[in-house]
Amino acid sequence: MRNLLLCLVLGLAACQPRASVQETVAPTPPRERVAELLFAGDVMVHTPQLTTAKIGSGYDFKPSFAYLKPLFEEADLAVVNLETTLAQRPPYAGYPLFRSPYALVDALSDAGVDVALMANNHAMDCGAAGVLSTLSALESWRIRPTGLWRSKEEHRAEPFLLVTIDSIRFAIANYTYGTNGMPVPEGMHINRLDTVQMAADIARMQLSEADCIIVCLHWGIEYDLKPNRAQRRLADFLRREGVQLIIGSHPHVVQPFEADSLSACFYSLGNLVSNQRKRYTDGGILARIRVTQRGDEQLRIEAEAIPCWVDKWHGYRVLPLAAADTLTRDAAYKIFREDVLTTLQKGL
């Protein structure tokens with residue numbers, strides 16, 4: 001009887017449904033988002049460049065940027081410092097009061113430039129008319145200007161640029177130390193190096209939920225090969241305020257840069273294109289910056305410098321070193337190449 005009961009119990013247990021086995025599925029990791037940024041130095045048009053670009057009744061500056069075009073087009077965002085005013089009709093002029101044809105902005109647009117930095121010391125070279133014609137030309141060719149506005153109302157409405165790339169939100173602001181003593185026309189606005197205003201702008205950028213804040217500065221001393229104390233102090237201030245990328249212009253020569261996985265500061269990119277011939281001024285660097293983010297993790301930044309030399313003897317074409325190494329044996333290029341690589345290797 002005891003054995004019968006045991007069998008009955010065992011039989012009933014055997015008939016019970018087995019507990020279902022839950023399969024454990026690993027969560028899908030968040031996709032890595034990527035933005036490729038490219039910043040170029042000073043775009044200037046001196047009188048010899050005007051002469052070289054003259055074709056019939058017009059101008060063609062596209063040869064200057066032909067070797068840069070692949071780099072600009074590969075980038076998600078390409079930015080230049082436009083250190084000249086633009087005019088639809090002549091007379092045109094180089095230094096000291098730059099006035100360049102609309103053909104220049106046509107060439108920049110064709111090369112793939114997206115943003116023009118306008119807060120620099122030559123922004124007021126042609127007064128109010130120059131400001132209006134320059135901004136109109138950039139907008140007509142779909143290049144976004146920043147740092148300079150037709151009115152204070154426009155500035156208040158959009159004090160910085162917002163750009164979204166692969167769901168990464170960038171805020172870009174631009175400031176200058178001055179305008180060569182040229183007055184700012186009444187009602188117009190240009191951003192100055194004012195830490196109180198800059199801090200307020202950065203706070204507003206943060207409120208806009210920007211993932212990465214970029215500040216572009218026209219600063220430093222012309223032809224100095226290293227950043228001075230004022231540049232270093234301002235860079236430290238901006239980093240403390242939460243700025244991740246700092247891009248500098250104005251010295252017309254390359255200065256060292258510093259970067260880690262969280263931030264980068266390029267103190268001076270030098271010249272992108274010009275007729276300056278002094279040692280160290282006949283070229284510059286492109287700052288190529290890769291910004292990545294996975295989920296809610298902190299942004300990661302990778303920065304590199306791409307040196308470029310201006311070949312004045314062939315249409316002022318701007319040649320990255322890889323191209324220049326195969327296209328020219330010019331003695332000036334060899335000096336520039338050694339100088340810029342030494343500057344970058346020595347660092348700060």
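Before reading further, recall that the structure is shown in the block above.
Criteria and cut-off values
Residues numbered from 1 in each chain as written. Predicted model: local features only at pLDDT ≥ 70, side-chain atom pairs only at ≥ 80, totals over all residues. Heavy atoms only, no water. Helix = DSSP H or I, 4+ residues; strand = E, 2+ residues; numbered from the N terminus. Rg over C-alpha atoms; globule rule 2.2 N^0.38 Å. Contact = heavy atoms within 4.5 Å. Lys, Arg positive; Asp, Glu negative; His and termini not counted. Charge placed at Lys NZ, Arg CZ, Asp CG, Glu CD. Buried < 20%, exposed > 50% of the residue type's maximum accessible area, 1.4 Å probe, protein only. Disulfide = S-S within 2.5 Å. Phe/Tyr/Trp six-rings, centres within 6.5 Å; stacked < 30°, edge-to-face > 60°. Lys NZ or Arg CZ within 6 Å of the ring centre and 35° of its normal. Expected span 1.5 Å × (residues − 1). Arc of directions from axis to C-beta. Pairing = 2+ DSSP bridges. Axes fitted to C-alpha atoms, helices over the stretch in contact; angles between N-to-C directions. Parallel < 35°, antiparallel > 145°, perpendicular 65-115°, else oblique. Left-handed = near helix turned anticlockwise from the far one by under 90°. Nonpolar A, V, L, I, M, F, W, Y, C, P; charged D, E, K, R; others polar. Salt bridge = Lys/Arg side-chain N within 4 Å of Asp/Glu carboxyl O. 1 Å grid on protein atoms, 1.4 Å probe; cavity = no way out; pocket = protein on both sides within 12 Å on 5 of 7 lines; lining within 4 Å. Points joined across faces, edges and corners; volume = space filled by probe spheres on them.

Colleague: Mind showing me how you'd approach the overall build of the protein chain here?
Modeller: Scanning the protein chain from N- to C-terminus turns up eleven helices and 20 strands. Relative to its length of 348 residues, the protein chain is extended, with a C-alpha radius of gyration of 27 Å against a globular reference of 20 Å. Counting contacts in the protein chain only where the partners sit at least 6 residues apart, residues at least 24 apart contribute 71% of the total. Across the protein chain, 36 positive and 39 negative side-chain charges occur, with their mean positions spaced 2 Å apart.

Colleague: Sorry, what's going on with helix 5 (residues 102-111) here?
Modeller: For an α-helix, the turn length of 3.6 residues means that residues three or four places apart are oriented alike. Counted residue by residue, helix 5 has seven buried out of ten residues, so it is predominantly covered. Among the residues of helix 5, those classed as buried are Tyr102, Ala103, Leu104, Val105, Ala107, Leu108 and Ala111. Where helix 5 terminates, the next one or two residues include Gly112, which has phi positive at roughly 110°.

Colleague: Just to check I follow, could you spell out the state of the cysteines for this structure?
Modeller: Covalent bonding between the sulfur atoms of two cysteines defines a disulfide. Taken as a whole and assessed by the stated rule, the structure comprises zero disulfides. Cysteine Cys212 shares no disulfide, and the gap to the nearest cysteine sulfur, in Cys216, comes to 11 Å.

Colleague: Before we go on, may I ask you to explain the packing of aromatic side chains in this structure?
Modeller: The relation between two aromatic rings is expressed through the spacing of the ring centres and the mutual angle of the planes. Scanning the entire structure with this criterion turns up seven aromatic pairs. Between Phe257 and Phe266, the ring centres sit 4.3 Å apart and the planes meet at 10°, which makes this aromatic pair stacked. Residue classification places Phe266 among the buried residues on the basis of a relative accessible area of 0%. Over the aromatic face of Tyr59 sits the side chain of Lys54, whose NZ or CZ is 5.2 Å from the ring centroid. Over the ring of Tyr223 we find Lys278, and its NZ or CZ is 3.7 Å from the ring centre.

Colleague: Where do I start with helix 8 (residues 195-207) in this structure?
Modeller: For helix 8, with 13 residues, the first-to-last C-alpha span of 18 Å sits near the 18 Å given by 1.5 Å per residue. Buried within helix 8 we find Met198, Asp201, Ile202 and Met205. The buried side chains of helix 8 occupy one side of the element, clustering within an arc of 100° when seen end-on. Exposed side chains of helix 8 directed beyond 90 degrees from the buried face belong to Val196 and Leu207. Packing partners of the buried residues in helix 8 comprise strand 11 (168-176), strand 13 (212-218) and helix 9 (229-241). Following helix 8 by one or two positions, Glu209 adopts a phi angle in the positive range, close to 65°.

Colleague: Is there a simple way to explain the pairing of strand 16 (residues 264-269) in this structure?
Modeller: In the case of a regular strand, side chains alternate between the two sheet surfaces. In terms of burial, strand 16 is a largely internal element, six of the six residues being buried. Note that strand 14 (residues 245-249) and strand 16 share three bridges and pair parallel. Counted as the bridge partner of Ile246 is Cys265 from strand 16. The sheet contact formed by strand 15 (residues 254-259) and strand 16 spans five bridges and is antiparallel. The residue bridging Glu258 from the neighbouring strand is Cys265, located in strand 16. Here strand 15 folds back onto strand 16 in antiparallel fashion, the turn holding four residues.

Colleague: I'm lost on the packing of helix 8 against helix 9 in this one. Help?
Modeller: One can describe the packing of helix 8 onto helix 9 by two numbers: an axis separation of 10 Å at closest approach and a directional angle of 30°. The angle between helix 8 and helix 9 falls in the class roughly parallel. The crossing of helix 8 and helix 9 is right-handed. Taking contact as the criterion, the partners of Thr195, Met198, Ala199, Ile202 and Gln206 in helix 8 are, on helix 9, Leu234, Phe237, Leu238 and Glu241. Its residues placed into classes, the contact of helix 8 with helix 9 shows six nonpolar, two polar and one charged.

Colleague: Could you clarify how one ought to interpret the pattern of salt bridges in this entry?
Modeller: Pairs may arise between side chains of opposite charge once their charged atoms sit close together. Taken as a whole and assessed by the stated rule, the structure comprises 17 salt bridges. A salt bridge links Arg300 to Glu32, with the shortest nitrogen-to-oxygen separation between them at 2.4 Å. On the criterion of sequence distance, the pair formed by Arg300 in strand 19 (residues 300-311) and Glu32 in strand 1 (residues 32-43) is long-range, its members being 268 residues apart. Across the salt bridge formed by Glu139 and Arg150, the nearest N and O atoms sit 2.6 Å from each other. Taken together, the positions of Glu139 in helix 6 (residues 127-140) and Arg150 in the loop between strand 9 (148-149) and helix 7 (152-157) put the pair eleven residues apart, joining distant regions of the chain. The partly exposed category is assigned to Glu139, whose relative accessible area is 41%. On the basis of relative accessible area, Arg150 is assigned to the partly exposed category, the value being 23%. Taken together, the salt bridges that share partners define one network made up of Glu32, Arg294 and Arg300.

Colleague: Before we go on, may I ask you to explain the layout of surface pockets in this structure?
Modeller: Unoccupied space between atoms shows up once a probe the size of one water molecule is rolled over them. As a volume, the largest pocket reaches approximately 240 Å³. Around the largest pocket, the lining comprises 17 residues; the ones closest to its centre are Tyr95, Asn121, His122, Asn180 and Glu222. Looking at the lining of the largest pocket, its residues break down into eight nonpolar, seven polar and two charged.

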